[in-house]
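Spelled out, the chains give:
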2 protein chains.
Amino acid sequence: MTVITDATRNGVDTEQMFATLDLIKAQPELAKFQFRATNRWIDGAHNRSTIKGFYAAGGEDTTRSKAFEIDAGEPAILLGSDTGANPAEYLLHALAACLTTSIVYVAAARKVELTSVESTLTGDMDVRGALGVDDEPRNGFERIGVSFRVTGDAPAEKLGEVVERAAKRSAVYDMVTNGVPVAVDVTTD
Amino acid sequence: MTVITDATRNGVDTEQMFATLDLIKAQPELAKFQFRATNRWIDGAHNRSTIKGFYAAGGEDTTRSKAFEIDAGEPAILLGSDTGANPAEYLLHALAACLTTSIVYVAAARKVELTSVESTLTGDMDVRGALGVDDEPRNGFERIGVSFRVTGDAPAEKLGEVVERAAKRSAVYDMVTNGVPVAVDVTTD
């Protein structure tokens with residue numbers, strides 16, 4: 001049995017959170033989600049993704065009133081004109097955002113009031129791989145470092161446990177550390 | 001020996017591109033890059049990354065005049081208020097953007113003039129994993145599908161080869177398919 005509280009904690013409606021968890025436990029078929037992005041090349045290193053619709057809880061979710069438009073680019077040294085963060089930087093953002101939200105939700109569930117969550121991420125890359133100059137270095141980051149600073153109304157040990165649990169449940173952390181099967185198809189007309 | 005052309009093709013300065021490749025071949029130590037993001041929690045599922053500085057070609061790159069500020073969020077069904085695309089959607093954007101830029105650069109190098117590059121990406125997830133309801137489904141996407149439509153002044157076969165080569169060299173495609181070691185540390189004061 002789930003204990004219901006009426007508290008919004010860390011900006012999260014914990015009553016809704018526990019109700020959602022109960023519903024998905026009772027009807028696991030509602031847990032099938034599909035997220036999507038469409039992308040269009042603009043010029044050079046400039047392209048733009050549009051993100052709006054997704055499938056969730058047994059049907060197409062139509063609650064989003066507008067699409068997110070997200071521009072990518074490259075800095076001059078990688079032949080772009082800074083029309084947006086570059087794709088590898090967006091991957092760092094995706095990882096930072098997912099770990100942070102996971103920390104906030106886990107803390108809310110565990111009755112920890114957070115006061116701040118900040119992180120710095122670094123990704124080290126030998127660009128000879130992606131540029132096709134050398135086959136030895138991999139194309140992507142060799143390693144990613146994530147440094148969190150988390151403060152709240154709990155002892156350091158408990159805050160550390162929240163971060164550990166968040167990493168254990170983060171969707172993007174799972175994908176970035178373990179990889180995902182990707183199928184690419186192409187049409188040319 | 002690299003053939004230098006003075007053409008800007010697909011918005012890419014191919015002269016600069018071949019000069020960069022030659023330089024990195026001659027001085028591989030210039031290929032060490034580090035990209036970074038800092039992220040700050042705002043409230044609930046809302047957090048924001050700031051992306052500006054990076055290390056490239058033997059020093060800190062200072063050509064970017066302003067930082068990119070990128071907001072993340074969650075839709076209502078995942079306890080947010082759509083303050084931005086969600087982290088898993090940003091991962092799809094990172095993948096779409098990297099593959100697209102790789103296609104554009106490979107085409108430029110191979111003297112293919114592109115007229116359009118569009119893609120649709122889907123990621124299928126059983127949210128029982130990330131929500132901690134069940135240990136069996138993984139937290140992240142079970143699979144990602146990428147559908148490209150590419151047009152340009154080359155036969156379908158050559159356009160297909162460009163996409164294939166781009167996937168083989170894309171930094172984010174490598175990371176998403178193969179995974180990256182991620183080290184997380186935490187301070188709490």
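Another point: the side chain of Gln34 of chain B. Along the polypeptide, Gln34 of chain B turns up in strand 3 (residues 32–43). When its relative accessible area of 18% is taken as the criterion, Gln34 of chain B is described as buried. Only 3.0 Å separates the side chain of Gln34 of chain B from the side chain of Asp124 of chain A, close enough to count as a polar contact. Engagement of the side chain of Gln34 of chain B in a polar contact is seen with the side chain of Arg36 of chain B, the distance being 2.9 Å. Excluding its chain neighbours within four sequence positions, the residues that come into contact with Gln34 of chain B are Thr122, Gly123 and Asp124 of chain A together with Phe54 and Tyr55 of chain B.

The relative placement of two packed helices is expressed as an angle between their axes plus a distance between the axes. All names here are of chain B. Remark: helix 2 (residues 87–109) packs on helix 3 (residues 156–169), axes separated minimally by 8 Å, with the N-to-C direction vectors making an angle of 120 degrees. By the angle between their directions, the pair helix 2 and helix 3 is classed as oblique. Classified by chirality, the crossing of helix 3 by helix 2 is right-handed. Between helix 2, through Leu99, Ser102, Ile103, Val106 and Ala107, and helix 3, the contact on the second element is made entirely by Val162, Val163, Arg165, Ala166 and Ala167.

Taking 1.5 Å per residue, 14 residues should reach 20 Å; helix 3 of chain B reaches 20 Å between its end C-alpha atoms and fits that length. Residues Leu159, Val162, Val163, Ala166, Ala167 and Arg169 of chain B constitute the buried set of helix 3 of chain B. Those residues of helix 3 of chain B that are buried lie in contact with strand 10 (182–187) of chain A together with helix 2, strand 8 (114–126), strand 9 (143–152) and helix 4 (171–178) of chain B.

Our focus in this paragraph is the relation of the copies chain A and chain B. For the match of chain A to chain B, the screw axis carries a shift of 0.0 Å, the RMSD comes to 0.0 Å, and the turn is 180 degrees. The transformation relating the two chain copies, once decomposed into turn and shift, fits a two-fold axis. Closest approach to the rotation axis among the C-alpha atoms of chain A is made by Gly179 of chain A, whose C-alpha sits 2.1 Å away. When the interface residues of chain A are mapped onto chain B, 100% of them again lie at the interface, so the same face is used by both copies.

Attention shifts here to the confidence of the model for chain A. Chain-level statistics for chain A give a pLDDT mean of 95 and a share of 97% at 70 or above. Overall fold confidence (pTM) sits at 0.96, and the ipTM for the predicted complex is 0.96.

Attention now moves to the packing of aromatic side chains. For the structure on display, the rule yields five aromatic pairs over all chains. Measuring from ring centre to ring centre gives 6.3 Å for Tyr90 of chain A and Tyr90 of chain B, while their planes differ by 10 degrees; the resulting arrangement is stacked. One end of the pair, Tyr90 of chain A, is in helix 2 (residues 87–109); the other, Tyr90 of chain B, is in helix 2, on a second chain. Just as Tyr90 of chain A is buried, Tyr90 of chain B falls in that class too.

We now examine the interface of chain A and chain B. Listed per partner, the contact involves 127 residues of chain A and 127 residues of chain B. When chain A packs against chain B, close to 11,000 Å² is buried across both sides, 60% of that on carbon and sulfur atoms. Linking chain A to chain B there are ten salt bridges. Where chain A meets chain B, there are 67 residue pairs in polar contact (both at pLDDT 80 or more). Per-element accounting of the side of chain A that touches chain B gives the leading share, 16 residues, to helix 2 of chain A. Grouping the constituent residues of the side of chain A that touches chain B by class yields 63 nonpolar, 36 polar and 28 charged. Of the pairings in the sheet, the one linking strand 8 (residues 114–126) of chain A to strand 3 of chain B comprises nine bridges and is antiparallel in character.

A few words now on the side chain of Asn10 of chain A. With respect to the secondary-structure elements, Asn10 of chain A resides in the loop between strand 1 (8–9) and strand 2 (12–13). A distance of 2.9 Å separates a polar atom in the side chain of Asn10 of chain A from the backbone oxygen of Val112 of chain A. Contact partners of Asn10 of chain A, with chain neighbours within four places excluded, come to Val104, Ala107, Ala108, Val112, Glu113 and Leu114 of chain A together with Trp41, Asp43 and Gly44 of chain B.

Turning our attention to the pattern of salt bridges. Taken as a whole and judged by the stated rule, the model has 24 salt bridges over all chains. Close ionic contact of Arg143 of chain A with Glu142 of chain A constitutes a salt bridge, the shortest N to O distance being 3.3 Å. Arg143 of chain A sits in the partly exposed class, given a relative accessible area of 43%. With its nearest N and O atoms 3.7 Å apart, the salt bridge here joins Glu118 of chain B to Arg149 of chain B. One end of the pair, Glu118 of chain B, is in strand 8; the other, Arg149 of chain B, is in strand 9, and 31 residues separate them in sequence. Looking at Glu118 of chain B, the relative accessible area reads 32%, which means it is partly exposed. Three or more residues joined by partner-sharing salt bridges are found here, namely Lys32 of chain A together with Asp126, Arg128 and Asp134 of chain B.

On to the pairing of strand 7 (residues 68–72) of chain A, then. Residues and elements named next belong to chain A. Counting buried positions along strand 7 yields four of five residues, so the element is predominantly enclosed. Bridge count for strand 4 (residues 46–51) against strand 7 is five bridges, and the pairing is antiparallel. Opposite Ser49, over in strand 7, you have Ile70 as the bridge partner.

What follows deals with the environment of Arg169 of chain A. Positionally, Arg169 of chain A belongs in helix 3 (residues 156–169). Judged by its relative accessible area of 10%, Arg169 of chain A falls in the buried class. Once you skip the residues sitting within four places of it in the chain, Arg169 of chain A turns out to touch Gly129, Ala130, Gly132, Asp134, Asp135 and Asn139 of chain B.

Thresholds, definitions, all that
Residues numbered from 1 in each chain as written. Chains lettered and ligands numbered in written order. Predicted model: local features only at pLDDT ≥ 70, side-chain atom pairs only at ≥ 80, totals over all residues. Heavy atoms only, no water. Helix = DSSP H or I, 4+ residues; strand = E, 2+ residues; numbered from the N terminus. Buried < 20%, exposed > 50% of the residue type's maximum accessible area, 1.4 Å probe, protein only. Polar contact = N/O pair within 3.5 Å; in protein donor to acceptor, adjacent residues only side chain to side chain. Contact = heavy atoms within 4.5 Å. Axes fitted to C-alpha atoms, helices over the stretch in contact; angles between N-to-C directions. Parallel < 35°, antiparallel > 145°, perpendicular 65-115°, else oblique. Left-handed = near helix turned anticlockwise from the far one by under 90°. Expected span 1.5 Å × (residues − 1). Least-squares fit on C-alpha atoms with pLDDT ≥ 70 in both. pLDDT = per-residue confidence, 0-100. Phe/Tyr/Trp six-rings, centres within 6.5 Å; stacked < 30°, edge-to-face > 60°. Buried area = accessible area lost by both parts, 1.4 Å probe. Salt bridge = Lys/Arg side-chain N within 4 Å of Asp/Glu carboxyl O. Nonpolar A, V, L, I, M, F, W, Y, C, P; charged D, E, K, R; others polar. Pairing = 2+ DSSP bridges.

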